[in-house]
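The residues making up each chain are set out below.
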Amino acid sequence: VGAPRASLSVEDVLAVEGNGAAVSLPSMETALMRSSDVDIPESTSCDELRALGYDAAYTNGARSAFVGGEKEAFKRLKAFCSRENGRAVAEFSKPDTSPTAFDPASTTTLSPYLKFGCISPRTVLESIRAAAGRTQRTKPPVSLLGQLYWREHFTLLGYAHGAHFSHMRGNSLCRQIDWDESEDKLRKLDAWQRGQTGFPWIDACMRQLSEQGWLHHLARHAVACFLTRGDLWVSWEEGLRVFERELVDADWALNAANWMWLSCSAFFHQYFRVYSPVAFPKKYDKRGAFVRRFVPELANMPDKYIYEPWTAPLSVQKSARCVIGKDYPRPIVDHAEASKANMARMKLAFERNKQESDTANKRGSQPDQAGTKRSRKS
């Protein structure tokens, strides 16, 4: 049999790049292929939910869509790998999955089990390889294998950058943006997290998050864009805290990285690409079944108005027993106006960050995101 390979350590993976900072997906693959299973620490006890700050909705009979434990993790993995005799794995492409599919979801839903160590990434890796065999058609970053690489990639970036990774200030990866710090920020944040923005798609997503502790990745993208650069101009750090509290699969590094990505604070720079809270969900669910499930106030709204109920004639609203402004809120912003204004703000923020970076480079120093300069030699 031979001696077993050494367990994978964070330092080993960082060393693949040769400079202590793994920043590419290929380096993830190289390191994972060299290593054996990562050691999983023993589980620890947890206080009651109330002691952790969760309200009565979480403690009085509410049930998660996720049953905990290793057996459930393997059950889900086996079920997904068996779909269509392995075709679901071989042809899996994350961008092509549906954010409005909820029973069942269009993805593996293994993220909570990976987060809690109920199943290891290597077990998932070997299972999806076996299921697809030689018929694998999709490749990283969109394939299932690519999803594992993204997970390891962001975990290592978080490790390399430390505690500042989940903050704007002091984070060398993060663009510095003047997010709304007015008193109105709290009103917008509250409406967003309670699913009361007046945009049915956004509200349905946020209510699913509250009820089930989970969202499809495209739904996460949509609500994150809406809160930040898309419509409300609220800092991604505020959204991160809500996701950290509500998501059953909340992972510190992945959560921070995705919020930076969706707010165009790091990794992604096409700030002019904004998720429409009306047009985007229509691509997946023209009749609004997802909205009707999670926003029951709109259950009787005709398909034509399900994503824009404020455009329905008053007679239609009354017939649907949902008068806008009374039974369901009016839109918190005008999406067309807000997104246009925010694109202009992002343009200025990008220009300012570039100027500061150029100035620092000329001086032989790097911009310190806490507001000071540090020498490249230090």
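Quick notes on the rules
- Residues numbered from 1 in each chain as written.
- Predicted model: local features only at pLDDT ≥ 70, side-chain atom pairs only at ≥ 80, totals over all residues.
- Heavy atoms only, no water.
- Helix = DSSP H or I, 4+ residues; strand = E, 2+ residues; numbered from the N terminus.
- Polar contact = N/O pair within 3.5 Å; in protein donor to acceptor, adjacent residues only side chain to side chain.
- Contact = heavy atoms within 4.5 Å.
- Expected span 1.5 Å × (residues − 1).
- Axes fitted to C-alpha atoms, helices over the stretch in contact; angles between N-to-C directions.
- Parallel < 35°, antiparallel > 145°, perpendicular 65-115°, else oblique.
- Nonpolar A, V, L, I, M, F, W, Y, C, P; charged D, E, K, R; others polar.
- Core = buried A, V, L, I, M, F, W, Y, C linked by side-chain atoms within 4.5 Å.
- Buried < 20%, exposed > 50% of the residue type's maximum accessible area, 1.4 Å probe, protein only.
- Phe/Tyr/Trp six-rings, centres within 6.5 Å; stacked < 30°, edge-to-face > 60°.
- Lys NZ or Arg CZ within 6 Å of the ring centre and 35° of its normal.
- Disulfide = S-S within 2.5 Å.
- Left-handed = near helix turned anticlockwise from the far one by under 90°.

The next thing to look at is the side chain of lysine 94. Take lysine 94: it is sitting in the loop between helix H4 (87-90) and helix H5 (111-115). Within the local environment of lysine 94, its side chain forms a polar contact with the side chain of glutamine 147, the two groups lying 3.5 Å apart. Beyond its immediate sequence surroundings of up to four residues, lysine 94 is in contact with Thr107, Val142, Gln147 and His217.

Attention shifts here to helix H16 (residues 335-362). The first and last C-alpha atoms of H16 sit 40 Å apart over 28 residues, in line with the 40 Å expected at 1.5 Å per residue. Its side-chain oxygen at 3.1 Å from the backbone nitrogen of alanine 336, aspartate 334 defines the N-terminal cap of H16. Two residues or fewer after H16 comes glycine 364, characterised by a positive phi angle close to 75°.

Attention now moves to the packing of helix H7 (residues 144-161) against helix H12 (residues 252-262). The geometry of a pair of packed helices is captured by two quantities: the angle between their axes and the separation between those axes. At a minimum axis separation of 8 Å, H7 and H12 run at an interaxial angle of 95°. One element, H7, and the other, H12, form an angle in the roughly perpendicular class. From H7, Trp150, Arg151, Phe154, Thr155 and Gly158 reach across to H12, where they touch Trp252, Ala253, Leu254, Ala257, Asn258 and Trp261. For the contact of H7 with H12, the per-class residue count stands at seven nonpolar, three polar and one charged.

We now examine the nonpolar core. If you look at the biggest cluster of nonpolar residues, it comprises 64 residues, and the most contacted ones within it are Trp192 and Trp201. For this core, the secondary-structure elements that each account for two or more residues are H7, helix H8 (184-194), helix H9 (200-212), helix H10 (217-230), helix H11 (236-246), H12, helix H14 (289-294) and H16. For this core, the element with the most residues is H10, which contributes seven residues. For tryptophan 201, the residues in contact, after removing those within four places along its chain, are Pro99, Thr100, Ala219, Ala222, Pro277, Phe280, Pro281, Phe290, Val291 and Tyr307. Ranked by size, the runner-up nonpolar core spans 24 residues in total, among them Phe66, Cys81, Ala90 and Cys118.

Moving on, we come to the packing of aromatic side chains. According to the stated counting rule, one finds 23 aromatic pairs in the structure shown. Where tryptophan 150 meets tryptophan 261, the ring centres are 5.6 Å apart and the plane angle is 80°; that geometry is what we call edge-to-face. With tryptophan 150 in helix H7 and tryptophan 261 in helix H12, this residue pair connects regions lying 111 residues apart in the sequence. Given a relative accessible area of 24%, tryptophan 150 falls into the partly exposed group. Chaining the aromatic ring pairs together yields one cluster made of Trp201, Tyr275, Phe280, Tyr284, Phe290 and Phe294. Stacked on the ring of phenylalanine 116, the Lys or Arg lysine 115 has its end atom at 4.7 Å from the ring centre. Arginine 293 extends its terminal NZ or CZ atom over the ring of phenylalanine 294, reaching a point 4.2 Å from the ring centre.

Glancing now at the state of the cysteines. The tally for this structure, following the rule as stated, stands at zero disulfides. Not part of a disulfide, cysteine 225 finds its nearest cysteine sulfur in cysteine 264, a span of 7.7 Å.

A few words now on unusual backbone geometry. Cis geometry is found at the peptide bond from proline 140 to proline 141, where omega equals 10°. Within the secondary structure, proline 141 is located in the loop between helix H6 (121-132) and H7. Phi at glutamate 84 takes a positive value of approximately 50°, unusual for a residue other than glycine. Along the chain, glutamate 84 falls in the loop between helix H3 (70-82) and H4. Despite not being glycine, asparagine 85 has its phi angle at roughly 55°, a positive value. Of note, asparagine 85 is situated in the loop between H3 and H4. The exposure class assigned to asparagine 85 is exposed, which follows from its relative accessible area of 79%.

Moving on, we come to the environment of valine 248. With respect to the helices and strands, the residue valine 248 is situated in the loop between H11 and H12. For the pair valine 248 and serine 111, spaced 137 residues apart in sequence, the C-alpha to C-alpha distance is 8.6 Å. Not counting residues within four places of it along the chain, the set of residues in contact with valine 248 comprises Phe66, Pro112, Lys115, Phe116 and Gly213.

What follows deals with the packing of H11 against H12. Relative to each other, H11 and H12 sit at 145°, their axes nearing to 10 Å. The handedness of the crossing between H11 and H12 comes out as right-handed. Taken together, the residues of H12 that come into contact with H11 (itself represented by Trp236, Gly239, Leu240, Phe243 and Glu244) are Trp252, Asn255, Ala256, Trp259 and Met260. Its residues assigned to classes, the contact of H11 with H12 comprises seven nonpolar, two polar and one charged.

Here the focus is the side chain of histidine 216. Tracing the chain through its elements places histidine 216 in the loop between H9 and H10. A distance of 2.7 Å separates the side chain of histidine 216 from the side chain of threonine 97, its partner in a polar contact. With residues near it in sequence (within four places) discarded, histidine 216 still touches Thr97, Ser98, Pro99, Ser106 and Thr107.

Shape descriptors only; they carry no functional weight alone.
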